[in-house]
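Listed below, chain by chain, are the residues.
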Amino acid sequence: MSTVSTGISNDLREHIDRAKQLGECKLVEGADWDLEIGAITELQLSAPDQPMLLFDNIKGYPRGYRIASNFLNSAKLVALGFGLPLESRGLAQVQAWRDKIKKPFKLIPPVEVAGGPVLENVLTGKDVDLYKFPSPKWHELDGGRYLGTGDMVITRDPDTGWINAGTYRVQVHDRNIATIFMCAGRHGNLTRQKYWDKGQPCPVAVVCGGDPLLWSMARSGLPWGVSEYDYAGWLRDEPVEVLKGPVTGLPVPAGAEIVLEGEIVPPGGETRIEGPFGEWPGYYCTGSREEPVFRVKSILHRDNPIVLGAPPQIGPYDYYYGYQVMRAAQAWNALEENVPEVKGVWLPPEARGPLMVIASIKQKYAGHAKHAALFLSGYYQTAWLSRFIIVVDDDIDPTNMTEVIWALTTRCDPATSIDILRGCWSNDTDPMLSPEARRSGDWTNSKGIIIACKPFSWREDFPPSCKASPELLEKTRQKWGKLLFDRK
Ligand SMILES: Cc1cc2nc3c(=O)[nH]c(=O)nc-3n(C[C@H](O)[C@H](O)[C@H](O)COP(=O)(O)O)c2cc1C
């Protein structure tokens, strides 16, 4: 049994230290920021259950200026980052997260502290230099170097004072010039517009390297008006420690690795070409365009800073930063409140983010499976950009792709088991938007609703499966497992 603490890490270093203790962090020395770090990060996910990567001695950079990647890309790293049992995985891990979020909901605002490690170095004026940090060019067709991928962009609503944190990519253009790409509708984008409507620049603090749980909040789509800091405080049962950014006054985590402070100029001011950048579905969908610049006025960083990298990638064993665990738990909870006998929900990382949702149910009435599918197709956390909603029987583990595909090929009659919903909620990162739809703003997709269950009306006549029962398999594993699976 491991003795590593399973609590939620306070900052990125603690996550890395715990990962090291578990043998879940691999040091890579001497790699180049120009494509090599990106390719190593991708290559590593061609094998299952890989440790996170910590790059040091990066070409052209002093030892100690590091990049971390694949930091939540296995079940164990997700367990470590989210404070779940270390051996949990698949549906059991989703269940563990559901248990965690069942406690009474009470937002816990951050606590302001006077100082913290992020103030070890404060750069202003001529000393501001974004090239001081090793920001990778992740993919071959990327338009430049991205310091922000595993980042949090902090903004304050000028009307209400609400603090939002969102993960939006940050491209480096000059020593003090970057751009931030925020899709339409993102909270950061809407907040920025409020400043612009008043003819003002939008103050911003970008955190490049924070603790994995807080980061996961920044990319999780919390409702408008809810601060990711407060929500993370609730999950942690204690407030996040922040300090006031000296230039913007925005709260930034005291233990952050790097913070960039400055403002995004209003339209009509200086612009740079942002992108293209390889995006989460695995394509360059939004291309490049003129983007108002983010003028960086100060940089705070710890000694020997670590840039947190979260580039989109297509690896057979990409766990997609634990996204599925949180989304699936929320969807499972919501589905269970509306539809009986839900056995599990999963968003397979192989399908990229939200694109596929799979629910397993014990069918109790005619139309039950369709009821579940239609609920998920409209539920906030699974409606956006889901292209396939699949419902399987309760003997199928929705996290086990072998079983799901078996259900698809043996319990689904395409002529009668598939429905298509059209004109659904999507956005411009969808690679299937035609050039015309992209131009006209018709950012919608269609959804395939697939029922891969034994037909309810004749389920009793469905041929019995020859797959051994879970009980028989477990009994056999106890008796023969060592002989079968022990290679030593
Ligand atoms: C690794 C990663 C990178 C992301 N990059 C962007 C991005 O560049 N622009 C964007 O609008 N959304 C991006 N997203 C999605 C947003 O972070 C996500 O929609 C989040 O909910 C936005 O926060 P908000 O709801 O406060 O706007 C990214 C998500 C992840 C996991």
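Keep in mind that what you see is a predicted model, and the values were worked out from it rather than measured.

What counts and what doesn't
Residues numbered from 1 in each chain as written. Predicted model: local features only at pLDDT ≥ 70, side-chain atom pairs only at ≥ 80, totals over all residues. Heavy atoms only, no water. Axes fitted to C-alpha atoms, helices over the stretch in contact; angles between N-to-C directions. Helix = DSSP H or I, 4+ residues; strand = E, 2+ residues; numbered from the N terminus. Parallel < 35°, antiparallel > 145°, perpendicular 65-115°, else oblique. Contact = heavy atoms within 4.5 Å. Nonpolar A, V, L, I, M, F, W, Y, C, P; charged D, E, K, R; others polar. Domains from an automatic or database assignment. Buried area = accessible area lost by both parts, 1.4 Å probe. Salt bridge = Lys/Arg side-chain N within 4 Å of Asp/Glu carboxyl O. Polar contact = N/O pair within 3.5 Å; in protein donor to acceptor, adjacent residues only side chain to side chain. Pairing = 2+ DSSP bridges. Near = heavy atom within 4 Å. Areas by Shrake-Rupley, 256 points an atom, 1.4 Å probe, with all protein chains shown as cover. Left-handed = near helix turned anticlockwise from the far one by under 90°. Core = buried A, V, L, I, M, F, W, Y, C linked by side-chain atoms within 4.5 Å. Buried < 20%, exposed > 50% of the residue type's maximum accessible area, 1.4 Å probe, protein only.

Caption draft 1: Layout of the packing of helix 4 (residues 90-100) against helix 8 (residues 323-338). Look at helix 4 against helix 8: their axes get within 9 Å of each other, and the N-to-C directions meet at 70°. Compared by their axis directions, helix 4 and helix 8 come out roughly perpendicular. Touching Leu-91, Gln-93, Val-94, Gln-95, Trp-97 and Arg-98 of helix 4 are Val-325, Met-326, Ala-328, Ala-329, Trp-332, Asn-333 and Glu-336, all from helix 8. In terms of residue class, the contact of helix 4 with helix 8 is built from 8 nonpolar, 3 polar and 2 charged.

Caption draft 2: Seen up close, the domain arrangement of the protein chain. Structurally, the protein chain comprises domain 1 (12-100), domain 2 (111-302) and domain 3 (320-476). Centre-to-centre separation of domain 1 and domain 2, based on C-alpha positions: 22 Å. Taken residue by residue, the interface counts 22 residues in domain 1 and 23 residues in domain 2. For the domain 1 and domain 2 pair, buried surface summed over both sides reaches about 1900 Å², with 69% attributable to carbon and sulfur atoms. Taken as a group, Leu-12, Trp-33 and Tyr-65 account for 28% of the area that domain 1 buries against domain 2, more than any other trio of residues on that side. In this structure, Glu-257 engages Arg-13 in a salt bridge whose closest nitrogen and oxygen atoms are separated by 2.8 Å. Where domain 1 packs against domain 2, one counts 6 residue pairs in polar contact (both at pLDDT 80 or more). Top contributing element to the side of domain 1 that touches domain 2 by residue count: helix 2 (residues 36-44), with 4 residues.

Caption draft 3: Seen up close, the sheet that holds strand 1 (residues 25-29). Pairing in this open sheet of 4 strands is mixed, and the strands run 1-2-3-18 from one edge to the other. Edge positions in the sheet fall to strand 1 and strand 18 (306-308), since each of these pairs with one other strand and no more. Looking at each pair of strands side by side, their axes are set apart by 25° on average, direction ignored. In the sheet, strand 1 pairs with strand 2 (residues 52-56) via 5 bridges, with the strands oriented parallel. Within strand 2, the residue paired with Val-28 across the bridge is Phe-55.

Caption draft 4: Here's a closer look at the site of the ligand. Contacts to the ligand come from 19 residues, most closely from Thr-167, Tyr-168, Arg-169, Cys-183 and His-187. In the environment of the ligand, an oxygen atom lies 3.0 Å from a nitrogen or oxygen atom belonging to the side chain of Asn-164. Within the backbone of Cys-183, one N or O atom sits 2.8 Å away from an oxygen atom of the ligand. Starting from 630 Å² of accessible surface for the ligand in isolation, the protein chains cover 86%. For the shell around the ligand, the secondary-structure elements that each account for two or more residues are strand 8 (163-166) and helix 6 (212-218). The leading source of residues in the shell around the ligand is strand 8, at 3 residues.

Caption draft 5: Main features of the packing of helix 8 against helix 9 (residues 368-378). In the contact formed by helix 8 and helix 9, the axes pass within 10 Å of each other and the chain directions differ by 130°. Viewed along their axes, helix 8 and helix 9 adopt a mutual orientation that is oblique. Viewed along their axes, helix 8 and helix 9 form a crossing whose handedness is right-handed. Listed contacts from helix 9 to Ala-331, Ala-334, Leu-335 and Asn-338 of helix 8 are His-371, Ala-372, Phe-375 and Leu-376. The class makeup of the residues in the contact of helix 8 with helix 9 is 6 nonpolar, 2 polar and no charged.

Caption draft 6: Summary view of the nonpolar core. In this structure, Trp-97 and Ile-154 are the most contacted members of the largest nonpolar core, which totals 100 residues. For this core, the element with the highest residue contribution is helix 8, accounting for 9 residues. Setting aside residues up to four positions removed in sequence, Ile-154 forms contacts with Ile-163, Asn-164, Ala-165, Pro-203, Val-204, Ala-205, Val-207, Tyr-229, Leu-250 and Pro-251. One finds Leu-53, Tyr-168, Val-206 and Cys-208 within the second-largest nonpolar core, a separate group that totals 37 residues.

Caption draft 7: Structural context of helix 5 (residues 187-197). Buried within helix 5 we find His-187, Gly-188, Asn-189, Thr-191, Arg-192, Tyr-195 and Trp-196. As for helix 5, its buried residues are in contact with strand 7 (151-156), strand 8, strand 10 (177-180), strand 11 (202-208), strand 14 (258-264) and strand 16 (289-292). Backbone geometry just downstream of helix 5 places Gly-199 in the positive-phi region, at approximately 75°.

Caption draft 8: Summary view of unusual backbone geometry. A cis amide bond links Gly-275 to the next residue, Pro-276, at an omega of -5°. The residue Pro-276 is located in the loop between strand 15 (271-274) and strand 16 in this model.

Caption draft 9: Focus on the side chain of Asp-32. Looking at where Asp-32 falls in the secondary structure, it is placed in the loop between strand 1 and helix 2. What Asp-32 contacts, discounting residues up to four positions off in sequence, is Ile-37 and Lys-59.

Caption draft 10: Quick peek at the pairing of strand 7. In terms of burial, strand 7 is largely enclosed, as 5 of its 6 residues are buried. As defined by bridge partners, strand 7 adjoins strand 11 across 4 bridges and the pair is classed as antiparallel. Residue Val-153 lies in a different strand from strand 11, and its bridge partner there is Val-206. Relative to strand 8, strand 7 runs antiparallel, the two being bridged by 4 bridges. Paired with Val-153 across the strands is Gly-166, a residue of strand 8. Hairpin geometry of strand 7 and strand 8 is characterised by an intervening segment of 6 residues between the two adjacent antiparallel strands and by a positive phi of about 85° at Gly-161.

Caption draft 11: Representation of the pattern of salt bridges within the structure. Summed over the entire model, instances satisfying the criterion amount to 35 salt bridges. Glu-238 is the salt-bridge partner of Arg-236, the closest N and O atoms lying 3.8 Å from each other. A relative accessible area of 39% means that Glu-238 is categorised as partly exposed.

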